[in-house]
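# Fold and contact review
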Amino acid sequence: MKVDMLGLQAFLAVAEHGSFHAGADSLHISSTALTRRLQNLEAVLGVRLVERTTRSLALTAIGQNFLPQARRLLADISSAMLGIREAGQASRGNVTLACVPTVGVQFLPAVIQAYSALHPGNHIRILDHSSAGVAGAILQREAEFGISIAESYDPALERVPLLDDRFVLACRDDHPLARRRSIAWSQLEGHALIVPGPGSSNRPLLDAALAPSGLNLPFVYEVQRSSTAVGLVAQGVGAAVVPRLAVQAGTYPRIVLIALAQPTVRRSFALLSRKGAVLSPAAQALYRLILSMARPARGRRAQAG
C-alpha cells in the first residue's frame, strides 16, 4: 500500500481546523481539492475517517484512532525528507571507494585527512584492490568510484585523468648502484632484480613499454605487489623495479630511488565511475577534493621529470 502524503495532509487539516473550508485554506487549496484528497485516502484505506453533514463535521471512531498515527507518520516522513535535503546540502554521509594499493599508500592519506577536516561526521570505506578489482567493485556497486591505472579500465566506466607516476629502481644505500642518479634498463642485467609478476597490473605496462627496444626484464624474484618488493629491498635481498609512489617518504630511510631511463616508463592513474552514475553528495565532495589535490601533485611530478 502506497503512502498518500496529500491524503494524510488533507485528513490532518480537516481534523485540526474542524472544517473543510478552514482546512483547505491552511493548505492553500480549494475545498473541492481537499475533499477529493480525503476521499482518495479513504478509498485506499477502505474506511470512512470523517463524517460530514450539512451542519456538522466529526471524525469517525476509526478516524479518531488514526489521528495520532497520521500525525506521527507525516512528521516522520517530513523529518526523513528534511534529513535527506540537509545531507545533500552539507555533503553528509558515508563513502566507499576502491583504489589500487599504491595510491592508497601515497596519495590518498593526505586527501582523507583534508576530507575528514571538512566533513568530520562522514565515514570513508576504502577497498584496496588490483586494477581489475577496482573496476569490478565499481561496476558491482560495491564502491561509488575508484582510482586505478588509467590504461586498464572497462568501457562501461567513465575515466578522468588524475596522476602520473614513473617507474624507478629502488635499492638500499649499500647496493652497488646506489650512487647512480639514473640507469638504463639494459644496465640492470647481472643484478638481483625484483620485478612485478605476471599477475601484477604493472607487468603488462612494463612489457609493452620495453618491447619496442627489444628489452626484457631480467629478474631473480617476482612479486605481485610493490609493497612486497619494497620490503625485500629494505632487507637487502636485491633491487626492485617499482613505481615511485610505491616508496613512501621516510618509511625506509636506507632505500634509494634511481631514475630508470632509455626508455622512461610512466603509468597514469584515473578516477573511475560508472557511466551515468549519480554520486551521493558525500562521495561527490570526496571526488572533487581528490581532483583538486591531484592537480598540484601532478604539477610537482611533471617538474621533477
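One can find the structure itself at the top, above this paragraph.
Just so we're clear, the structure is a prediction, and the values are computed from it rather than from any experiment.

### A look at the overall build of the chain
- Counting secondary structure elements, the chain contains 10 helices and 12 strands.
- Computed over its C-alpha atoms, the radius of gyration of the chain comes to 31 Å, more than 25% above the 19 Å expected for a compact globule of 305 residues.
- Its C-alpha atoms give the chain principal-axis dimensions of roughly 105 × 35 × 30 Å.
- Looking at the chain as a whole, 41% of its 305 residues qualify as buried.
- Considering only contacts in the chain between residues 6 or more positions apart, those separated by 24 or more positions represent 74%.
- Carbon and sulfur atoms provide 51% of the accessible area of the chain, an area that totals close to 16,200 Å².
- The positive charge centre, built from 31 side chains, and the negative charge centre, built from 20, are 5 Å apart in the chain.

### Focus on the pattern of salt bridges
- With the rule as written, the count across this model stands at eight salt bridges.
- Put simply, Asp174 and Arg254 hold a salt bridge, and the shortest N to O gap is 3.4 Å. With Asp174 in the loop between β6 (157-172) and β7 (182-184) and Arg254 in the loop between β10 (239-243) and β11 (255-261), this pair connects stretches of sequence that are 80 residues apart.
- Members of the salt-bridge network, linked through shared partners, are Arg172, Asp173, Asp174 and Arg254.

### Details of the pairing of β11
- Counting buried residues along β11, five of its seven residues qualify, which places the element largely inside the surrounding structure.
- Pairing of β6 with β11, which is carried by five bridges, proceeds in the antiparallel orientation. For Cys171, the partnering residue across the bridge sits in β11 and is Val256.
- Bridging between β7 and β11 involves three bridges; their strand directions are parallel. Residue pairing in the sheet places Ala184 in a bridge with Ala261 of β11.

The rules behind the values
Residues numbered from 1 in each chain as written. Predicted model: local features only at pLDDT ≥ 70, side-chain atom pairs only at ≥ 80, totals over all residues. Heavy atoms only, no water. Helix = DSSP H or I, 4+ residues; strand = E, 2+ residues; numbered from the N terminus. Rg over C-alpha atoms; globule rule 2.2 N^0.38 Å. Buried < 20%, exposed > 50% of the residue type's maximum accessible area, 1.4 Å probe, protein only. Contact = heavy atoms within 4.5 Å. Areas by Shrake-Rupley, 256 points an atom, 1.4 Å probe, with all protein chains shown as cover. Lys, Arg positive; Asp, Glu negative; His and termini not counted. Charge placed at Lys NZ, Arg CZ, Asp CG, Glu CD. Salt bridge = Lys/Arg side-chain N within 4 Å of Asp/Glu carboxyl O. Pairing = 2+ DSSP bridges.

What is shown is where atoms sit, not what they do.
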